[in-house]
Amino acid sequence: VLSHNLCTVLNVPHDPVALEEHFRDDDEGPVSNQGYMPYLNKFILEKVQGNFDKVEFNRMCWTLCAKKNLSRSPLLISDEDAFKVWVIFNFLSEDKYPLIIVPEEIEYLLKKLTEAMGAGWQQEQFDHYKIALNTSREGLSAWELIDLIGSGQFSKGMDRQTVSMAINEVFNELILDVLKQGYMLKKGHKRKNWTERWFVLKPNIISYYVSEDLKDKKGDIILDGNCCVEALPDKDGKKCLFLIKCLDKSFEISASDKKKKQEWIQAIQTTVNLLRAGSPPPHKEARQKRKELRQKLLAEQEELERQMKELQTANENKQKELETVRKQLEAAAARAAEEEKKRLQTQVELQDRFSLELEREKMVRQKMEEQVAQKSSELEQYLQRVRELEEMYKQLQEALEDEKQARQDEETVRKLQARLLEEESAKRAELEKWHLQQQQTIQMTEAEKQELENQRMIKEQALQVAMQQLEQLELERKEALEQYEEVKKKLETAANNTKSWKDKVAHHEGLIRLIEPGSKNPHLITNWGPAAFTEAELEQRQKSWKGKKTTSE
């Protein structure tokens, strides 16, 4: 019966004659491993082509072993969920008998289940469980794994339905190679109508069904390296469209929203890229990488243990060598004691000789210390002189800066005086012009005298205003002269300071030459250069104008 069921599930033709021939002379019977395993390998497993339903095969194996090994204690998962956990265990277990799942793969599976349930992963809780597990065994059997998941130790707060959905989702991904699934609208090729279908994406095919129970299959989209997927603009009232192009046919599909559309496009494109590269599905590739990493770590651990053994052997050899050296050192110490006695006798003789030499050395050192003290005193005096010169140099620089600032102030006052003189000259020229016009007006006829008298009065008023302005300018000029005198005094003070510092520096070293101040004689400056008249001439002209004004009145 077992052989017939295996042949049926694996799509292998059953040969009853071969079975009878194989067990004809076997005294132990068909149920013995020694007699049945060769028959199983030769007449059944070697004929398997790979075109069988793996889920049905797993279900038959589950039927054979579950009743005997499955725990009868109440679990939070159903028998169907326990079967799926058992199949997942066979996928993740190590390739050696008896089959066990190592803690790393247990952590990977529990993380997958926790993520599918939408809960947070409790790393600290698993670390405690892992430590307790490592102290007793290398991993868990299939039935211990079912008890662990069914006990709810890592799914506290979750109901049976949520745990069942999580197990089913992980089973679809790891065992059925379901990369993505969900409802979408598909456009027909003949009637061009849109129909809702349940799509299931696997590593080389997309199947679509009437509903998610997968009972009524409507078709397949065969994927290969030549396929491509691209987004389409909205049309005919349909949104979130994308197109799957194959060699013989294209498929227009509408997702429920933009997020689903992008997820499906990315998942299909990733699948096509894996087909082009000839790579396995992501979860199988990840399992292989984890296995290779564990093998690498195991090899490194074995290498480390080997090195530790070599180091331990080398340490024992070193200990023996050290013991030999210790004995040699004890013999050498005895010889050294004899030599020490001889050395002490020689040392007493040399000590007397060295005492005399030490006395002579003390005298020589005392003389050298006196010379060093004298040189230190001379150096201190020299440094003091250098500091004084530096201080004098700083003060001299400050005096030069004061002199420079005084010269700048003097230049500013000179420019101000030149501007005032220019304005004064312009006013004086205007007054002379008005005075000439007034004399011409007096010589006019008597008929025009009254009108000219009125104009004269107006001009006289303007002349008075101009005289007031001239007096104001004269006051400003005097203020400018006072400022000039103050600046000149500052300049003289700065020059005196410079001269005094020059004498001091010349007294010490005579290394610095001071900047001499310019001429101290006052000059009248205009915008066109030096003035053509002095202050006395200006006063004489002012008196002459006042006399002419008195005569005209």
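Residues numbered from 1 in each chain as written. Predicted model: local features only at pLDDT ≥ 70, side-chain atom pairs only at ≥ 80, totals over all residues. Heavy atoms only, no water.

- The protein chain goes by Switch-associated protein 70 in an unreviewed UniProt entry, where it is assigned to Spizaetus tyrannus.
- Regarding the protein chain, the UniProt comment filed under Subunit (unreviewed entry) reads as follows: "The SWAP complex consists of NPM1, NCL, PARP1 and SWAP70." (UniProt positions renumbered as here; feature names shortened; annotations may be inferred.)

### Here's the deal with the overall build of the protein chain
- Broken down by element type, the protein chain carries 13 helices and nine strands.
- The globule rule puts the C-alpha radius of gyration for 553 residues at 24 Å, and the 59 Å found for the protein chain is more than 25% above it.
- For the protein chain, the spread of C-alpha atoms along the principal axes amounts to about 170 × 125 × 45 Å.
- Burial analysis of the protein chain (553 residues in total) assigns 30% to the buried set. (Helix = DSSP H or I, 4+ residues; strand = E, 2+ residues; numbered from the N terminus. Rg over C-alpha atoms; globule rule 2.2 N^0.38 Å. Buried < 20%, exposed > 50% of the residue type's maximum accessible area, 1.4 Å probe, protein only.)

### Thoughts on helix 6 (residues 103–117)
- Along its 15 residues, helix 6 runs 21 Å from first to last C-alpha, staying within 8% of the 21 Å computed at 1.5 Å per residue.
- Pro103, Glu105, Ile106, Glu107, Tyr108, Leu109, Leu110, Lys112, Leu113, Thr114 and Met117 are the residues of helix 6 that are buried.
- Glycine 118 sits one or two positions beyond helix 6 and adopts a positive phi of about 80°. (Expected span 1.5 Å × (residues − 1).)

### Considering the domain arrangement of the protein chain
- Domain boundaries assigned for the protein chain yield domain 1 (53–175), domain 2 (180–280) and domain 3 (379–413).
- The C-alpha-based centres of domain 2 and domain 3 are spaced at 92 Å. (Domains from an automatic or database assignment.)

### Remarks on the packing of helix 5 (residues 79–92) against helix 8 (residues 142–150)
- Between helix 5 and helix 8, whose axes approach to 9 Å, the crossing angle comes to 130°. As far as their axial angle goes, helix 8 and helix 5 are oblique. Between helix 5 and helix 8 lies a crossing whose hand is right-handed. Here helix 5 contributes Ala82, Val85, Trp86 and Phe89 to the contact with helix 8, which in turn contributes Ala142, Trp143, Leu145, Ile146 and Ile149. (Axes fitted to C-alpha atoms, helices over the stretch in contact; angles between N-to-C directions. Parallel < 35°, antiparallel > 145°, perpendicular 65-115°, else oblique. Left-handed = near helix turned anticlockwise from the far one by under 90°. Contact = heavy atoms within 4.5 Å.)

### A closer look at the layout of surface pockets
- The computed volume of the second largest pocket comes to approximately 590 Å³.
- Among the secondary structure elements, those contributing two or more residues to the lining of the second largest pocket are helix 6, helix 7 (123–136) and helix 11 (282–442).
- Per-element accounting of the lining of the second largest pocket gives the leading share, six residues, to helix 11.
- Of the residues contributing to the lining of the second largest pocket, the split by class is five nonpolar, three polar and nine charged. (1 Å grid on protein atoms, 1.4 Å probe; cavity = no way out; pocket = protein on both sides within 12 Å on 5 of 7 lines; lining within 4 Å. Points joined across faces, edges and corners; volume = space filled by probe spheres on them. Nonpolar A, V, L, I, M, F, W, Y, C, P; charged D, E, K, R; others polar.)

### A short note on the nonpolar core
- Counting 39 residues, the largest nonpolar core has Trp62, Trp86, Ile106, Leu109, Ile146 and Ile149 as its most contacted members.
- Taken together, the elements giving at least two residues each to this core come down to helix 4 (54–69), helix 5, helix 6, helix 7, helix 8 and helix 9 (160–174).
- Of all the elements, helix 5 adds the most residues to this core, at nine residues.
- Leaving out residues up to four positions away in the same chain, isoleucine 149 has contacts with Val85, Leu109, Leu110, Leu113 and Ile167.
- Within the second largest apolar cluster, 21 residues are counted, among which are Leu201, Ile206, Trp264 and Ala267. (Core = buried A, V, L, I, M, F, W, Y, C linked by side-chain atoms within 4.5 Å.)

### Details of the side chain of glutamate 105
- Residue placement: glutamate 105 occurs in helix 6.
- A relative accessible area of 0% means that glutamate 105 is categorised as buried.
- Dropping the residues within four chain positions of it, glutamate 105 is found in contact with Leu92, Arg290 and Arg294.

### So, the pairing of strand 7 (residues 250–254)
- Buried residues dominate strand 7, accounting for four of its five residues.
- The sheet contact formed by strand 1 (residues 180–187) and strand 7 spans two bridges and is antiparallel. Paired with leucine 185 across the two strands is serine 254, which belongs to strand 7.
- In this structure, strand 6 (residues 241–245) lies alongside strand 7, joined through five bridges in antiparallel fashion. (Pairing = 2+ DSSP bridges.)

### Observations concerning the pattern of salt bridges
- Within the structure shown, the criterion is met by 24 salt bridges.
- Between arginine 387 and glutamate 380 there is a salt bridge, with its nearest N and O atoms 3.6 Å apart.
- On the basis of relative accessibility, which here comes to 41%, the residue arginine 387 falls in the partly exposed class.
- For arginine 477, the salt bridge goes to glutamate 424, with nearest N and O atoms at 4.0 Å. Within this pair, whereas arginine 477 is found in helix 12 (residues 449–508), its partner glutamate 424 is found in helix 11, the two being separated by 53 residues in sequence. There is no split in this pair, since arginine 477 and glutamate 424 are both buried.
- Bridged by salt links that share partners, the residues Glu424, Arg428, Glu474 and Arg477 form one connected network. (Salt bridge = Lys/Arg side-chain N within 4 Å of Asp/Glu carboxyl O.)

### Digging into the packing of helix 1 (residues 2–9) against helix 4
- Running from N to C, helix 1 and helix 4 point in directions that differ by 160°, and their axes come no closer than 9 Å. If you check the angle between helix 1 and helix 4, you find them roughly antiparallel. Between helix 1 and helix 4 the crossing geometry is right-handed. On the side of helix 1, the interface is formed by Leu2, Asn5, Leu6 and Val9, while helix 4 contributes Glu56, Phe57, Met60 and Leu64.
- Here the residues of the contact of helix 1 with helix 4 sort into six nonpolar, one polar and one charged.

### What to know about the packing of aromatic side chains
- Counted by the stated rule, this structure contains nine aromatic pairs.
- Each ring, one from tryptophan 121 and one from phenylalanine 126, has its centre 5.6 Å from the other, and the planes form 45°; the classification is tilted.
- Owing to a relative accessible area of 1%, phenylalanine 126 belongs among the buried residues under this scheme.
- Taking the centre distance of 4.8 Å and the plane angle of 75° together, the rings of tyrosine 183 and tryptophan 198 count as edge-to-face. Pair noted here: tyrosine 183 is in strand 1 and tryptophan 198 is in strand 2 (residues 194–202), with a separation of 15 residues, a long-range link.
- Cluster of aromatic residues (ring-pair linked, three or more members): Trp62, Phe83, Trp86 and Trp143. (Phe/Tyr/Trp six-rings, centres within 6.5 Å; stacked < 30°, edge-to-face > 60°.)

### Brief notes about the sheet that holds strand 7
- The seven strands are arranged 4-3-2-1-7-6-5 in an open sheet whose pairing can be described as antiparallel. The strands lining the two open edges of the sheet, one partner per strand, are strand 4 (217–222) and strand 5 (228–232). Taken over all neighbouring pairs, the strand axes of this sheet differ in orientation by 35° on average, direction set aside.
- Both strand 1 and strand 2 contribute to a ladder of eight bridges, which runs antiparallel. By the bridge assignment, lysine 180 is partnered in strand 2 with leucine 201.

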